[in-house]
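So the chains spell out like this:
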Amino acid sequence: MKYCRQEIYYPLLVVFTISLMLWQQFGMNMSLNYPVDQHFNATALNDDINGGASVGTLKVNDANVTLHCKTVNSHTFPFCSMLIPLKAKLKQYADLSKFDTLTIDLTTVDLRRDTVLIYLLNNEQDLPNGNDRISHTRANIQAINPTIGRAQYQLALNQFYVPSWWVFAKPYGIDTGARLDNVEYLQIATGDNRSLKDLEITLHAFSFSGKWINARDLYFLLLSLWIASIVVHAIFLAGKMRNKYIISKNKTEELNKINSFLSIERDKYKTMAKHDPLTKLLNRAGLSSTLSTLMSEFSHSSKAASLIMFDIDHFKQINDQHGHDVGDQVLVSISQQVAEVIRGQDVFARWGGEEFVIVCPNTQLKGACVLAENIRSLIANSPLIEQQQVTSSFGVAQLNSANIDTWFKRADEALYKAKMNGRNKIEFS
Ligand SMILES: Nc1nc2c(ncn2[C@@H]2O[C@H](COP(=O)(O)OP(=O)(O)OP(=O)(O)O)[C@@H](O)[C@H]2O)c(=O)[nH]1
């Protein structure tokens, strides 16, 4: 369907356009023929209508009609003519506006360098004033310069014009444009040469020819069709692009939502991987980057650092006596209280179970022991469980080699010592 619309339509339109242009050029012919026979209807019209005295007579034969004209000098313009009603051929007057050419077959004898005037008299009821035939008539005229003898003359209908003497002869005026949509008569008249004439004009036949559609109308139609096609196509493409844009915008929005959801989830899992879910403190993994930094600082510049490791005393009993939830609450409370008293640079983590560590950068053993004592005292004096003191034991070690395991082992040993020495104590290594 898509293929049909876009790939086939324009080639078809090109073929259609070229076909129509060729058809118009070589076909589409129409014609209106007027052969002359013995029943041919024509009348002589001479200057006597204007008060002249020229004599023009008609002789109709089997195959032609001859006007014999003898002009007489008088005050008026001398002429003879034959008047042929076109309506005899048609029901109405002839609408020649669609025709291009008048072909007229004439024999002229003794013309003495005169023209033959061809009139197409258009009947126009809408012309102002006057009830007589002439008042309703527009004379469209064209002159031919005949050769002596018989010849065919082709007159372009668009070359007919209204002569100025016809315009001015009408007191109410008339526009000068030719009109051929209601032609009542073809008039063939002697020309403008005022020298006296005695001549013959024989009409054998005449016809009007043209195309069903003239080239200008056809090109206008085709151009309109092309413009309409391109406009419709452009609108269709714009709509399609708009839909694509909306779909891609929606997809982008959806992907952005998924992305932000995933990045939130990723951050959540990152945080979860490095934090203890109960106390929200860092876990072992969360501590690793701090420890690596301290190790490298120690390697480069023997920067001081101390480690405090502490463990809640008899925590199993607390769990056993008060339940696991109370034990959890004790862990959370101690975490919060300790987090409040340590310095900003200290890093506090849950090492596992009821065991915690505080890593103190830039801290000598003495300073770490003071901090450990503060925390011990804080815990021992906190009413964590009703009617029961909760205490904790501490092991402190200052970093003395770039080895984490050794450092932690030393702190752990000090802690063990504190436990062995009765708990609620600080020992160092
Ligand atoms: N409620 C609670 N209990 C925990 C958690 N992690 C570990 N424990 C408990 O902590 C207790 C630790 O017991 P022990 O290792 O025997 O140590 P202790 O009872 O504190 O004795 P000392 O350390 O020798 O003073 C165990 O009963 C564990 O089940 C926890 O997250 N929540």
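Residues numbered from 1 in each chain as written. Predicted model: local features only at pLDDT ≥ 70, side-chain atom pairs only at ≥ 80, totals over all residues. Heavy atoms only, no water.

Looking up the chain in an unreviewed UniProt entry gives the name diguanylate cyclase, with the organism given as Agarivorans albus MKT 106. The UniProt entry for the chain carries the following comment under Catalytic activity (unreviewed entry): "2 GTP = 3',3'-c-di-GMP + 2 diphosphate". (UniProt positions renumbered as here; feature names shortened; annotations may be inferred.)

**Q** Got a sec to walk through the packing of aromatic side chains? Specific residues and values, please.
**A** Applying the stated criterion across every chain, the model contains 16 aromatic pairs. With 4.5 Å between their ring centres and 10 degrees between their planes, Tyr-34 and Phe-206 make a pair best called stacked. In this pair, Tyr-34 is assigned in strand S1 (residues 29–35) and Phe-206 in strand S11 (residues 198–211), connecting sequence segments 172 residues apart. An identical accessibility class is assigned to Tyr-34 and Phe-206; each is buried. Between the aromatic rings of Tyr-119 and Trp-165, the centroid separation amounts to 6.3 Å while the plane-to-plane angle is 70 degrees, which identifies the pairing as edge-to-face. Of this pair, Tyr-119 sits in strand S7 (residues 116–123) while Trp-165 is found in helix H2 (residues 164–169), placing the two residues 46 residues apart along the sequence. A residue is classified by how much of its surface remains accessible, and Tyr-119, at 9% relative accessible area, is buried. What makes Trp-165 partly exposed here is its relative accessible area of 46%. Ring pairs connect the aromatic residues Tyr-34, Phe-99, Phe-206 and Phe-208, which therefore count as one cluster. (Phe/Tyr/Trp six-rings, centres within 6.5 Å; stacked < 30°, edge-to-face > 60°. Helix = DSSP H or I, 4+ residues; strand = E, 2+ residues; numbered from the N terminus. Buried < 20%, exposed > 50% of the residue type's maximum accessible area, 1.4 Å probe, protein only.)

**Q** Explain the UniProt feature "transmembrane region" (unreviewed entry) in the chain to me, and be specific about the residues and the numbers.
**A** When the UniProt feature table is mapped to this numbering, "transmembrane region" (unreviewed entry) covers residues 7–26 and 218–239. A helix fraction of 100% and a strand fraction of 0% characterise residues 7–26, whose end C-alpha atoms lie 30 Å from each other. Across residues 218–239 one finds 100% helix and 0% strand; the C-alpha atoms that close the span lie 31 Å apart.

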